[in-house]
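Coordinate analysis (summary)
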Amino acid sequence: MVEQQTINDDLRKERTTCTFNTEELTNFIDGGAEYTDKRRQIADFFLSDPRCKDKVPVEYLSHQEHYEQAIRKACFFYNKIKKWEEISNSNLVDIYNIIWSSGIDTAILKQNVPFGVHTFMFLPSLIGQGTPEQQEEWVGRAFKNSILGTYAQTELGHGTFIRGLETTCTYDPETEEFILNSPTLTSYKWWPGGLGHSCNYAIVLAQLYTQGIHRGIHPFIVQLRDSETWMPMPGIKIGEIGSKMGMNSANNGYLAFNNVRLPRMHMLMKNSKVHKDGTYEKSPHEKLTYGTMIFVRVLIVKSLVTTNLMKSSTIAVRYSAIRRQSELKSGEREPQILDYQTQQYKLFPVIASSLVYKFAAKWLWDKYSAVTSQLERGDLVQLPELHAMACCLKAVGTSDASISVTSCRLACGGHGYMNCSNLPNIYALITATETYEGENTVLLLQTARFLIKSYETVQMGNDVSTLETLSYLERYNSLKRLPWTTTLDCMASAFFQVAGSKIDDCYFTMKRLIDSGTAQEDAWNRTSIKLTQASEAHCRAFIISVYVKTLKMNQFSPELMDVLTQLGELICAQWILNRLGDFLQHSNLKPVDVHAIQRLLEDCLERIRPNAVGLVDSFDIRDEILDSALGCYDGNVYERLLAEANKSPLNKEPVNRSFELYLKPFLKSNM
């Protein structure tokens, strides 16, 4: 461990140039000063405990040792959650919200929590899809962690296409039992977190058959392992899927069934029901079955996207303030690499992305909470809009975050490639989100279905202004007549113009194909590239609009408002220049205006430069959460790199045994 040292001089000087109060931004990000205090208290409670620290970095452990350590720390972690609930008298949901949103979980378990799916999918499914009697049976035990569950949906042969799942569950009215089977190799459940060895229950999605009729996908609760011996239950074939690019603490598993019998009440029946005689009662709203997936996508945006953007930008910006390289002016001291415009271009948009996605995630979380309350009253009107936004924000956000983390790693040069920078691990965690809980391309196409349907409503002369995210469809064309001014408002308007025009293009492209005799499904497939692009454009327009509204609706100090405006201008300019053809074709931007946008981008980089370290300091991420030799608050990078190198098992002795076994004979072989 690095001894306590003074703050690096370069980093200390950077903090003196900050023009705004960093605590003001920290409090706003947290939702208020009281929430900042609560988050810091929770972080200190968990991270000051020596049991949460690794004696040996996980990359030096075997696969089995890694898993066993993850289980030890996960049990400690959940016990600490329970302890904090008792001593603070806090709401458990609020505790989980703070822990996962701040990255405390990954500070303790670097490559994911083995029981994470239990908390975020198994429990919500029981609550959202179980009857009161089923909730009474299972929810209390799950909350107490006396049972540990996972969510078994994805199969070897099917992932995002849920209707194609092959696992079957057939009702036998004579015994009042369901019979669960995996009829093919491709029907093996594959990927559920914690399934390998960590969980003894699962919610299994399977094709239901009653009275000889196929009823579609339904959820069933299944005991996988004996609670005392942990041996697989009869008819259960179960194991771990093996090592992955990252997330190796998650203990992802496979699962197959051979005539596994379940009592009738093991089908979650809040929505659809199977009566004793096998009579099937269909849910009045089939889409309610997919509520768990919407919830997880909301969480991905709220926690993983924003947290990992903030972590990676903090690491790379602090390192860039310390690292000195090359000569900017001949004969002068090597400059901080943060002074290079190209370095600023790699990093400052990541800072901006952290905030624009933070604000968009807050909107999505609030929307989810509101719609959930409406669903309880039987009101499903806003569910399609929520689903569409959860899909595209998850898709665009995780893609942007993966690109941004890579940009931060590259900005740190060779040191960013080292595991002790934590950037490889952050990348492995965030790039996984591009495929799980809905592959991103498929999610963009799901959003596109909502957009095309809504645009058709507009074409028929009906009103969509009640849908907050689509009100622009009735006015985007009129905005094209306005003069270009390169202001935040003007650029935000241009994003809506592009989105509306792309949706319009998709709609009429498909209409022409269908009118010429092309089947609707084929017309959709032949337009699918444009449809994904329209969804992305819609998502980016929404993200920018939320950011602009956030600035207008909150009282910031003039100093902070200036910085937040600069960040908004920067991300708008970058996104416009990245899709310049779209904006020239579909918005009021003219070729003569492009130079002004490039100039604005460069000006924003220069104006943000004195506040770069202050901005990432405002994210208020503890060293234990950053877990990076490059990004610590004190800036003593080189001392930490050497200390981390000496943790390697190969450095425990001056001569490795391979010398006597192999190298020495090789050297003397006169080859």
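Right, let's walk through the structure included here. (Residues numbered from 1 in each chain as written. Predicted model: local features only at pLDDT ≥ 70, side-chain atom pairs only at ≥ 80, totals over all residues. Heavy atoms only, no water.)

**Digging into the overall build of the protein**
Quick reminder of the rule: Going along the chain from the N terminus, every DSSP run of H or I of four or more residues is numbered as a helix, and every run of E of two or more is numbered as a strand. Contact criterion: two residues are considered in contact whenever any of their non-hydrogen atoms come within 4.5 Å of each other. Surface exposure here means Shrake-Rupley accessible area, sampled with a 1.4 Å probe, where a residue is shielded only by the protein chains that are shown.
Assigned secondary structure in the protein consists of 24 helices and eleven strands. Principal-axis analysis of the C-alpha atoms gives the protein an extent of 90 × 75 × 65 Å. Taking contacts inside the protein between residues at least 6 apart in sequence as the whole, the part at least 24 apart equals 73%. When the accessible surface of the protein is totalled, it reaches about 30,100 Å², and 53% of it is carbon and sulfur.

**Regarding a nonpolar patch on the surface**
Selection rule: Excluding any residue in a salt bridge, patches collect residues exceeding 30% relative accessible area, merging like charges within 9 Å and nonpolar Val, Leu, Ile, Met, Phe, Trp and Tyr side chains within 5 Å. We define a salt bridge as a side-chain nitrogen of Lys or Arg found within 4 Å of a carboxyl oxygen belonging to Asp or Glu.
On the surface, Val655, Phe659, Leu663, Phe666, Leu667 and Met671 cluster together into a nonpolar patch covering about 670 Å² of accessible area. Residue placement: Leu663 occurs in helix α24 (residues 658–667).

**Details of the nonpolar core**
Within soluble globular proteins, side chains that are nonpolar tend to cluster in buried spots. Quick reminder of the rule: Here, nonpolar core means buried Ala, Val, Leu, Ile, Met, Phe, Trp, Tyr and Cys residues that are tied together by side-chain atoms lying within 4.5 Å of each other. Accessibility here uses a 1.4 Å probe with only protein chains present; expressed as a share of the type maximum, an area under 20% marks a residue as buried, one over 50% as exposed, and anything in between as partly exposed.
Residues Phe46, Phe77 and Leu567 are the most contacted members of the largest nonpolar core, which totals 182 residues. Tallying contributions element by element places helix α9 (residues 291–322) first for this core, with 17 residues. Residues contacting Phe46, with those up to four places away along its chain left out, are Cys52, Phe76, Phe77, Lys80, Ile81, Ile99, Ile104 and Ile108. The next biggest cluster of nonpolar side chains, apart from the first, holds 23 residues, and it includes Phe178, Val204, Ala206 and Leu255.

**Considerations on helix α8 (residues 132–143)**
Stated precisely, the cut-off is as follows: Every helix has an expected span of 1.5 Å times one less than the residues it contains. Directions pointing from the helix axis toward each C-beta atom define the arc.
Along its twelve residues, α8 runs 15 Å from first to last C-alpha, staying within 8% of the 16 Å computed at 1.5 Å per residue. When we look at burial in α8, the residues that qualify are Gln134, Trp138, Val139 and Ala142. Viewed along the axis of α8, the buried residues span an arc of 105°, placing them on a single side of the element. The outward face of α8, more than 90 degrees from its buried face, is lined by the exposed residues Pro132, Glu133 and Glu136. Looking one or two residues beyond α8, the residue adopting positive phi is Asn145, at roughly 60°.

**Considering the packing of helix α13 (residues 440–459) against helix α15 (residues 488–515)**
Convention followed: Every axis corresponds to a line fitted to the C-alpha atoms, with the helix fit spanning only the stretch in contact, and the corresponding angles, defined between N-to-C directions, vary from 0 to 180 degrees. Angle categories are assigned with fixed cut-offs, so that under 35 degrees is roughly parallel, over 145 is roughly antiparallel, 65 to 115 is roughly perpendicular, and the rest are oblique. Residues were grouped as follows: Ala, Val, Leu, Ile, Met, Phe, Trp, Tyr, Cys and Pro as nonpolar; Asp, Glu, Lys and Arg as charged; and all remaining residues, including Gly, as polar.
Interaxial distance between α13 and α15 falls to 10 Å at its minimum, and their mutual angle equals 85°. The orientation of α13 relative to α15 falls into the category roughly perpendicular. For the pair α13 and α15, the contacting residues are Leu451, Ile452, Tyr455, Glu456 and Gln459 in the first and Ile503, Asp504, Cys506, Tyr507, Phe508 and Met510 in the second. Each residue belonging to the contact of α13 with α15 can be placed in one class, and the counts come to eight nonpolar, one polar and two charged.

**Section: the packing of aromatic side chains**
Any two aromatic rings considered together are summarised by their centre-to-centre distance and by the angle between their planes. Heads up, the rule is: Centres within 6.5 Å make a pair out of two Phe, Tyr or Trp rings, where for Trp the six-membered ring is used; the pair is then stacked when the planes are under 30 degrees apart, edge-to-face when over 60, and tilted otherwise.
Summed over the entire model, instances satisfying the criterion amount to 28 aromatic pairs. Ring centres of Phe77 and Tyr78 lie 5.5 Å apart, and the angle between their planes is 80°; this geometry places the pair in the edge-to-face category. Here the two residues Phe77 and Tyr78 agree in accessibility, since each one is buried. On the numbers, 5.1 Å between centres and 70° between planes, the contact of Phe178 with Phe220 is edge-to-face.

**Quick word on unusual backbone geometry**
Its identity as a non-glycine residue notwithstanding, Asn112 has a phi of 90°, on the positive side. With a phi close to 60°, Asn145 is a non-glycine residue in the positive phi region. Relative to the elements of secondary structure, Asn145 occurs in the loop between α8 and β1 (149–152).

**Considerations on the sheet that holds strand β4 (residues 189–190)**
So the rule is basically this: Being paired, for any two strands, means DSSP has found at least two bridges between them.
If you trace the three strands from one edge of the open sheet to the other, you get β4-β8-β7, paired in antiparallel fashion. Strand pairing shows two members of the sheet lacking a second neighbour, β4 and β7 (236–240), which therefore form its edges. Here β4 pairs with strand β8 (residues 253–257) via two bridges, running antiparallel. Among the inter-strand pairings, Lys189 is bridged to a residue of β8, identified as Leu255.

**Things to note about the environment of Thr160**
Selection criterion: Whenever a nitrogen or oxygen atom comes within 3.5 Å of another N or O atom, the pair is scored as a polar contact, on the condition that within protein one atom can donate a hydrogen and the other can accept it, and that pairs from neighbouring residues in sequence are kept only if both atoms are in side chains.
Along the polypeptide, Thr160 turns up in the loop between β1 and β2 (168–172). Overall, the relative accessible area of 25% leaves Thr160 in the partly exposed class. As a C-alpha pair, Thr160 and Pro665 span 505 residues in sequence and 55 Å in three-dimensional space. Discounting residues that sit within four places of it in the chain, Thr160 has contacts with Gly438, Glu439, Val442 and Gln446. At 3.2 Å, the side chain of Thr160 and the backbone nitrogen of Glu439 are in polar contact.

**Comments concerning the pattern of salt bridges**
Two side chains of opposite charge can pair, provided their charged atoms sit close to one another. Taken as a whole and assessed by the stated rule, the structure comprises 35 salt bridges. Between Asp30 and Arg39 there is a salt bridge whose closest N-O contact spans 2.9 Å. Owing to a relative accessible area of 23%, Asp30 belongs among the partly exposed residues under this scheme. A salt bridge links Arg622 to Asp44; the nearest nitrogen and oxygen atoms lie 3.5 Å apart. Remark: Asp44 occurs in helix α3 (residues 33–47) and Arg622 occurs in the loop between α21 (612–618) and α22 (623–626); sequence separation between them is 578 residues.

**Side note on the state of the cysteines**
Quick reminder of the rule: Whenever a pair of cysteine sulfur atoms sits within 2.5 Å, that pair is classed as a disulfide.
Tallying each qualifying case throughout the model produces zero disulfides. In this structure Cys75 is a free cysteine whose sulfur lies 11 Å from that of Cys199, the closest cysteine sulfur available. Overall, Cys75 belongs to the partly exposed group, its relative accessible area being 37%. Distance from the sulfur of Cys604, which forms no disulfide, to the nearest cysteine sulfur (Cys572) is 9.4 Å.

**Some words on the side chain of Ser320**
Take Ser320: it is sitting in helix α9. Ser320 sits in the buried class, given a relative accessible area of 0%. When residues no more than four places from it in sequence are discounted, the contact partners of Ser320 are Gln336, Ile337, Leu338, Gln343, Leu347 and Ala411.

**What to know about the environment of Asn200**
Assignment of secondary structure puts Asn200 in the loop between β4 and β5 (201–210). Spatially, the C-alpha atom of Asn200 lies 51 Å from that of Phe20, the residues being 180 residues apart in sequence. Residues contacting Asn200, with those up to four places away along its chain left out, are Ile147, Leu148, Val222, Gln223, Leu224, Arg225, Ser227 and Trp230.

**Thoughts on the pairing of β2**
When a strand is regular, its side chains alternate between the sheet's two faces. Across the five residues of β2, four count as buried, placing the element largely inside the fold. Here β2 runs beside strand β3 (residues 177–181); their pairing, made up of five bridges, is antiparallel. Residue pairing across strands places Thr170 opposite Ile179, the latter belonging to β3. Linkage of β2 to β3, two consecutive antiparallel strands, is achieved through a turn of four residues, within which Glu176 is found at a positive phi near 55°. Bridge analysis of β2 against β5 gives three bridges, and the strand direction is parallel.

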